[in-house]
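If you want the building blocks of each chain, they are given just below.
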Amino acid sequence: MSDTTRKYLETSQIIPSKGMSYTMYEIEGQDTILRMLTFIPDNDEIHIYPKPPVKKLYKPELCKKVEENEFLGLWSMGEERKAGK
């Protein structure tokens, strides 16, 4: 695998009164964050960050791997909802 290959990682945490929150990252190289999104399924919330506030992922080895199509599907839904506002 070359160092420029993109990968998709996820972290999760509980948000009181909202349920589980999943933050997904599109990563280039070891830990460079290209895009990120947050998904809260219980509230049907998606927040996309095309220019993420954080540029480096801390401890990527602790994240769960997700499929590219899962990230891209949620990203598309987030863009559609943002455009619809």
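Since we're looking at a predicted model, the values are computed, not measured.

Draft legend 1. Structural detail: the overall build of the protein. Of regular secondary structure, the protein possesses 1 helix and 5 strands. Here the C-alpha atoms of the protein give a radius of gyration of 13 Å, agreeing with the 12 Å that 2.2 N^0.38 yields for 85 residues. Expressed along its principal axes, the backbone C-alpha trace of the protein runs to roughly 40 × 30 × 25 Å. Counting only contacts in the protein whose residues sit at least 6 apart along the sequence, the fraction spanning at least 24 positions is 43%. Accessible surface, the protein as shown: approximately 5800 Å² in total, 53% of it carbon and sulfur. Charged side chains in the protein number 13 positive and 14 negative. The centres of these two groups are separated by 5 Å.

Draft legend 2. Molecular detail of the pairing of strand β1 (residues 6–15). Relative to strand β2 (residues 19–28), β1 runs antiparallel, the two sharing 10 bridges. Looking across to β2, one finds that Ile 14 is bridged to Met 20. Connecting β1 to the antiparallel partner β2 that follows it, the hairpin turn spans 3 residues, and Ser 17 within it adopts a positive phi of roughly 70°. Direction of pairing for β1 relative to strand β5 (residues 64–65): antiparallel, over a ladder of 2 bridges. Of the residues in β5, the one forming a bridge with Glu 10 is Lys 64.

Draft legend 3. Just helix α1 (residues 68–84), in detail. Across its 17 residues, α1 extends 24 Å between first and last C-alpha, which sits within 8% of the 24 Å expected from 1.5 Å per residue. Residues Phe 71, Leu 74, Trp 75 and Gly 78 constitute the buried set of α1. In a view along the axis of α1, the buried residues occupy a sector of 105°, so they form one face of it. The exposed set on the far side of α1, more than 90 degrees from its buried face, consists of Asn 69, Glu 80, Ala 83 and Gly 84. Among the structural elements, β1, β2, β3 (32–40) and β4 (45–49) are those in contact with the buried residues of α1.

Analysis parameters
- Residues numbered from 1 in each chain as written.
- Predicted model: local features only at pLDDT ≥ 70, side-chain atom pairs only at ≥ 80, totals over all residues.
- Heavy atoms only, no water.
- Helix = DSSP H or I, 4+ residues; strand = E, 2+ residues; numbered from the N terminus.
- Rg over C-alpha atoms; globule rule 2.2 N^0.38 Å.
- Contact = heavy atoms within 4.5 Å.
- Areas by Shrake-Rupley, 256 points an atom, 1.4 Å probe, with all protein chains shown as cover.
- Lys, Arg positive; Asp, Glu negative; His and termini not counted.
- Charge placed at Lys NZ, Arg CZ, Asp CG, Glu CD.
- Pairing = 2+ DSSP bridges.
- Expected span 1.5 Å × (residues − 1).
- Buried < 20%, exposed > 50% of the residue type's maximum accessible area, 1.4 Å probe, protein only.
- Arc of directions from axis to C-beta.

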